[in-house]
Number of protein chains: 4
Amino acid sequence: MSSLQRFGVSMDASLVGAFDEQIQQVGYANRSEAIRDLVRDYLVRQQWQVPDATVVGTITLVYDHHTADIEHHLTHIQHEHTANICSNTHVHLDQHNCIEVIVVRGSGATVKAIAEQLIASRGVKHGQLACTTTGAEIV
Amino acid sequence: MSSLQRFGVSMDASLVGAFDEQIQQVGYANRSEAIRDLVRDYLVRQQWQVPDATVVGTITLVYDHHTADIEHHLTHIQHEHTANICSNTHVHLDQHNCIEVIVVRGSGATVKAIAEQLIASRGVKHGQLACTTTGAEIV
Amino acid sequence: MSSLQRFGVSMDASLVGAFDEQIQQVGYANRSEAIRDLVRDYLVRQQWQVPDATVVGTITLVYDHHTADIEHHLTHIQHEHTANICSNTHVHLDQHNCIEVIVVRGSGATVKAIAEQLIASRGVKHGQLACTTTGAEIV
Amino acid sequence: MSSLQRFGVSMDASLVGAFDEQIQQVGYANRSEAIRDLVRDYLVRQQWQVPDATVVGTITLVYDHHTADIEHHLTHIQHEHTANICSNTHVHLDQHNCIEVIVVRGSGATVKAIAEQLIASRGVKHGQLACTTTGAEIV
């Protein structure tokens with residue numbers, strides 16, 4: 001379905017050396033794999049700038065589940081966006097604190113708006129949105 | 001267990017106005033809640049700078065599960081860090097693409113190293129690390 | 001011209017304590033000043049999301065001035081956008097490397113496009129865009 | 001002094017296509033130039049993680065120059081770090097607002113500490129640090 005293309009890149013030898021050293025430390029199998037990752041990451045960042053592109057985001061919420069009504073409130077927001085919510089994971093960090101990780105798919109604007117609404121909820125101590133891709137156009 | 005403190009903040013009236021307008025759009029219940037969120041986010045960012053502080057990260061990986069050996073490889077890396085892995089969620093995005101979301105706890109350096117190793121794996125199309133907190137010191 | 005408003009914020013005492021400790025280290029004169037900074041930074045980030053808002057960006061370019069034609073090329077791009085360029089500073093880092101810092105004013109989209117064009121120029125080793133404000137609506 | 005190295009990269013044809021389309025829009029002369037930029041940016045981000053590496057930062061400060069004592073205060077901080085300050089540019093944005101752009105060289109920790117101290121100063125409305133390189137090891 002997909003075809004592999006091979007092309008040449010010219011780069012200063014000392015730049016190649018510094019890059020090889022770094023990617024070996026991190027654990028890349030080879031230079032092509034590392035460069036593909038840089039290219040894909042660049043394209044994903046661009047997708048988030050295009051208003052209509054479908055993207056995927058992971059919303060991470062940390063909260064104290066003793067906060068009145070918080071679980072009900074977070075569930076309620078998610079139910080208003082069921083078409084966009086792919087999954088929800090709940091982890092108990094300690095007796096008080098939970099982390100909830102929600103995978104959301106939609107336009108960048110939609111995903112950001114859902115994230116902002118959840119993060120703004122009373123009782124959410126910290127929220128983060130990680131911006132990624134459906135993978136469909138990123139091979 | 002925790003005691004609420006109330007203190008005054010002075011701010012230019014037009015700055016307060018612009019802030020109120022923005023946080024109402026996003027859905028904050030009130031100004032205190034929004035300011036608490038800004039303060040907590042500031043403290044979480046500082047925690048990630050302190051070498052020994054225990055933090056929590058959410059690692060998001062997008063990959064094609066048809067890539068040879070990828071699932072086995074990602075599982076293998078996670079098994080080397082079982083003490084740090086809190087949870088793992090797998091979502092099917094389409095026939096080819098999956099998203100795997102892993103909650104990791106440890107020092108900032110440890111969480112970053114696990115994220116780099118997973119993201120560098122052959123077949124991972126895109127990886128992201130979201131930096132958050134255990135919630136324990138962020139009330 | 002501007003009037004100071006004072007309002008109360010309620011926050012868990014231990015959160016106030018952690019915040020105070022952190023901002024004293026950094027050198028804030030008091031809590032209000034630090035909270036004003038967090039509020040302003042939040043508003044500036046929002047301004048960059050609004051298509052028509054006028055913002056200011058600082059573009060930093062590092063390059064080897066021996067690269068053929070680079071200075072002429074960078075000057076040429078800037079002359080195409082004279083209405084948006086506020087200033088240009090050039091620093092000699094060593095015998096080869098220069099840093100050029102360009103202050104640009106315009107819509108977020110315009111400032112980003114100028115930054116991308118300059119950073120993409122052959123011979124620019126590294127480029128960065130810092131997103132800030134005209135200060136006009138941020139008091 | 002430097003020698004050019006040429007190596008092959010294999011990449012899915014559709015990924016190459018999407019990348020080419022994107023970099024043409026931005027204005028890259030060719031694919032090698034764009035890939036060199038991604039590699040250099042990756043290496044610069046790593047340099048900022050290494051405690052002893054010498055890096056360069058651009059600090060952008062927006063302030064109202066009518067704020068009592070602010071110019072004297074900002075100058076004072078910079079004079080305490082003359083060994084690290086490379087340049088200082090001041091632009092008048094309007095009757096009230098100025099932007100000051102300071103190029104700083106040193107370890108990542110030093111550059112961040114100077115930035116935090118300046119940004120925390122009373123009267124600074126917004127501050128940003130752009131993280132770049134001396135260019136010396138990035139060819």
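First, a word on scope: everything that follows refers to the structure included in this document. Every value quoted in this text rests on a predicted model; they were computed, and no experiment measured them.

We now examine the packing of helix α1 (residues 13-26) of chain A against helix α2 (residues 31-47) of chain D. Direction vectors running N to C along α1(A) and α2(D) enclose 60°, while the axes themselves pass 10 Å from each other. With respect to each other, α1(A) and α2(D) are oriented oblique. Where α1(A) crosses over α2(D), the two elements pack in a sense that is left-handed. Taken together, the residues of α2(D) that come into contact with α1(A) (itself represented by A:Leu15, A:Ala18, A:Phe19, A:Gln22, A:Ile23 and A:Val26) are D:Val39, D:Arg40, D:Tyr42, D:Leu43 and D:Gln46. When the residues that make up the contact of α1(A) with α2(D) are grouped by side-chain class, the tally is eight nonpolar, two polar and one charged.

Take helix α1 (residues 13-26) of chain B next. In this model, α1(B) (14 residues) spans 20 Å end to end at C-alpha, consistent with the 20 Å of a helix rising 1.5 Å per residue. Those residues of α1(B) that fall on the buried side of the exposure criterion are B:Leu15, B:Val16, B:Phe19, B:Asp20, B:Gln22, B:Ile23 and B:Val26.

Residues and elements named next belong to chain A. Strand order in the open sheet formed by four strands is β3-β4-β2-β5, with antiparallel pairing between adjacent strands. A single partner strand is all that each edge strand has here, and the edge strands are β3 (85-92) and β5 (124-132). If you compare each strand with its neighbour and ignore which way they point, the axes differ by 15° on average. For strand β2 (residues 54-64) and β5, the ladder comprises eight bridges, and the chain directions are antiparallel. Residue pairing in the sheet places leucine 61 in a bridge with glycine 127 of β5. The strands touched by helix α4 (residues 108-119) within the sheet are β2, β4 (97-107) and β5, with β4 carrying the most contacts at an inclination of about 160°.

Another aspect to go through is the relation of the copies chain A and chain B. Comparison of the two chain copies shows a relationship of rotation about an axis with a shift along it. If you rotate chain A by 180° and push it 0.0 Å along the axis, it lands on chain B with an RMSD of 0.0 Å. The superposition operator between the copies reduces to a two-fold rotation axis. Within chain A, A:Ala130 has its C-alpha nearest the rotation axis, a separation of 2.9 Å. Looking at chain A, 98% of its interface residues are interface residues in chain B too, so the copies touch through the same face.

Calculation notes
Residues numbered from 1 in each chain as written. Chains lettered and ligands numbered in written order. Predicted model: local features only at pLDDT ≥ 70, side-chain atom pairs only at ≥ 80, totals over all residues. Heavy atoms only, no water. Axes fitted to C-alpha atoms, helices over the stretch in contact; angles between N-to-C directions. Helix = DSSP H or I, 4+ residues; strand = E, 2+ residues; numbered from the N terminus. Parallel < 35°, antiparallel > 145°, perpendicular 65-115°, else oblique. Left-handed = near helix turned anticlockwise from the far one by under 90°. Contact = heavy atoms within 4.5 Å. Nonpolar A, V, L, I, M, F, W, Y, C, P; charged D, E, K, R; others polar. Expected span 1.5 Å × (residues − 1). Buried < 20%, exposed > 50% of the residue type's maximum accessible area, 1.4 Å probe, protein only. Pairing = 2+ DSSP bridges. Least-squares fit on C-alpha atoms with pLDDT ≥ 70 in both.

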